[in-house]
Each structure stands twice: as structure tokens, then as C-alpha cells.
Amino acid sequence: YNTFSSAYTILALDAVATLAEKQPGQTLALSEILRDNKSRPLVLPPGLLPKVAFSSEAAQLQFANSSNLAAYYVVNESGFDRKLPDKVIKSGLEILREFTDLAGKPVKVVKLGQELQVHLRFRAIDRQTIHDVALVDLLPGGFEVVLEPKAEATRPLYNDRSDMSDEYAEGEEGDGDGEGEYMARGRADSVSDWSSPLGTSHSGWQPDYADVREDRVVIYGSVGSDAQEFVYRIRATNAGTFVVPPAFGESMYERDVQARSLSDKLTVEK
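Computed from a predicted structure; not experimentally measured.

1. Considerations on unusual backbone geometry
Then step 1. Backbone geometry places Asn-37, a non-glycine residue, at a positive phi of 70 degrees.
Then step 2. Mapped onto the fold, Asn-37 is located in the loop between strand E1 (28–34) and strand E2 (39–42).
Then step 3. You can call Asn-37 exposed: its relative accessible area is 64%.
Then step 4. Not every positive phi belongs to a glycine, and Asp-126 is a case in point at roughly 65 degrees.

As C-alpha cells, this is what we get:
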């Protein structure tokens, strides 16, 4: 989903709801087809958006609609892959990941409490720039993100006059009373207060925004055709051998632009 498809979906649901309210009673039916081809009906609760769970025994779902009004359905599943992916994905975008110690040496086995550097390397393929990219790095179990001091990661959004809009650039040349210049500087200062909560001085790329969650790091920005690198730190908090899910990236507005690295393993010793 993206902001455009979500907005249109909301409009469509509102239009369908307006028509559905005029329908007499329940017109929808749902059954799950089991692996032995037997059918088991699922009771839909009343309402415009009935929701019901189907069992893990279901091989297919069968929908029925006795109304002339078109109906739509969404199926949600949650869980994890039993088999780790053995192939990378390179569809307009490439992403690689490596774990090193603080000296930059690749590691697979670390000590409890030790800090590691996570190196995310990525580039656009067959184009100069991909704007609005989301890079998602799921953390291995037993690790936590090490946040950076705010001052280290500050990055102004307006680096020079070419970064300002025409409105503010022209205002700087105003009537000579300094008002236009004050507006331009005031805007630049107000939008440069944001600092990335992660990212070390070894990073050659700075995100437009970064979201640190309990189980993952999500960074947003533009990716160029030259290889770029973002480095952040994690700390081992539990002993054991942990599977590291692949790093993933995709354009927020071009669904066919995506990339995935391979999974990995890390061992934390006491």
C-alpha cells in the first residue's frame, strides 16, 4: 500500500458502504475448502465489514454473494518463513548487509555485551536515483540498537541556495530590509532540527528520516546509482545463536522496485 492507493481505497469503501446499507440482510457467505476437498461453512458476523478467521486446515476459501452489489475481500496471514530465503532480490534496487566489530572486521561470533556495526550497502540499478525508498533491517534476536548522540547525526535539509524553493530564494533578494533573508534562514533552521537517532560517522549516506522500533530499523531517503553505505551500531544482550532475517528495501510508490539480501546467523557467547 501507499498513500495514493490507501486514499482511493477509503473512498471506494465509503461508496460501497453507502450502497451496502440499502441491501436487505446478509448477502455474503464464506466457506473454507479443506485439504480433503470437504467444505466447511464459516459464519460471518453482521455488519458492513464482517471479519472471521479460517483454520490452518483450509486449502482454499470460497466466497458467495447473493446480491447484485459487487463484494470485495481481503485475506490477511501472519507468521514467518519456515525456510530461509536462499536468493537475493534485485528489482531496480540492490541491498547488502554485513556485521563487523568496531574496528571494521567481519564477525560471526561475539561476546555478550559487545557492540557491532551493521553495514547496509545499497544502490539503484538501471537508473540514476530512486526517491522515497524505505530500507527495513530486522534485528537478530538478542540484540538492541545503540542510539547515537543527537549532535552527531544532525543534517540540515537546506545545504545551499539551490536547496531552497524559488519563493524563499527570491525573497532573499527582497527590498533590502533583510526580511527576505530572515525568512529563508528561518525556514532552513526550523526544518534542520531533526537528527537521525542512529548512524555512525562511518556512514556515507544520511537518511531523510529514521524509525527505530523494537525489532527493526526503518530508514527513508533517496538512493543513487553509486553504491552507498549506512552504518549503525547494535549491542548483544542475550547469549545464543540467532537467525538474522534478510534486509529489505523498496520504493514507497513504485511497487516493482524492491531488493532483499540473504539471511545470516550470529552467535553470542557468554
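After that view of the structure, there is still more to cover.
2. Points about the layout of surface pockets
Then step 1. Roughly 1,400 Å³ of volume is contained in the largest pocket.
Then step 2. Residue lining of the largest pocket: 38 residues in total, with Leu-48, Leu-49, Pro-50, Tyr-72 and Tyr-73 positioned closest to the centre.
Then step 3. Looking at the lining of the largest pocket, the elements with two or more residues in it are helix H1 (3–20), E1 and strand E3 (58–65).
Then step 4. The greatest single-element share of the lining of the largest pocket, amounting to seven residues, is contributed by H1.
Then step 5. In this model, the second largest pocket occupies a volume close to 790 Å³.
Then step 6. Lining the second largest pocket are 25 residues; nearest its centre among them are Val-136, Leu-138, Arg-216, Pro-246 and Phe-248.
Then step 7. Going through the elements one at a time, strand E8 (129–138), strand E11 (216–224) and strand E14 (247–251) are the ones with two or more residues in the lining of the second largest pocket.
Then step 8. Looking at the lining of the second largest pocket residue by residue, the classes come out as 14 nonpolar, four polar and seven charged.

What counts, and at which threshold
Residues numbered from 1 in each chain as written. Predicted model: local features only at pLDDT ≥ 70, side-chain atom pairs only at ≥ 80, totals over all residues. Heavy atoms only, no water. Helix = DSSP H or I, 4+ residues; strand = E, 2+ residues; numbered from the N terminus. Buried < 20%, exposed > 50% of the residue type's maximum accessible area, 1.4 Å probe, protein only. 1 Å grid on protein atoms, 1.4 Å probe; cavity = no way out; pocket = protein on both sides within 12 Å on 5 of 7 lines; lining within 4 Å. Points joined across faces, edges and corners; volume = space filled by probe spheres on them. Nonpolar A, V, L, I, M, F, W, Y, C, P; charged D, E, K, R; others polar.

This is a description of form; function is not addressed.
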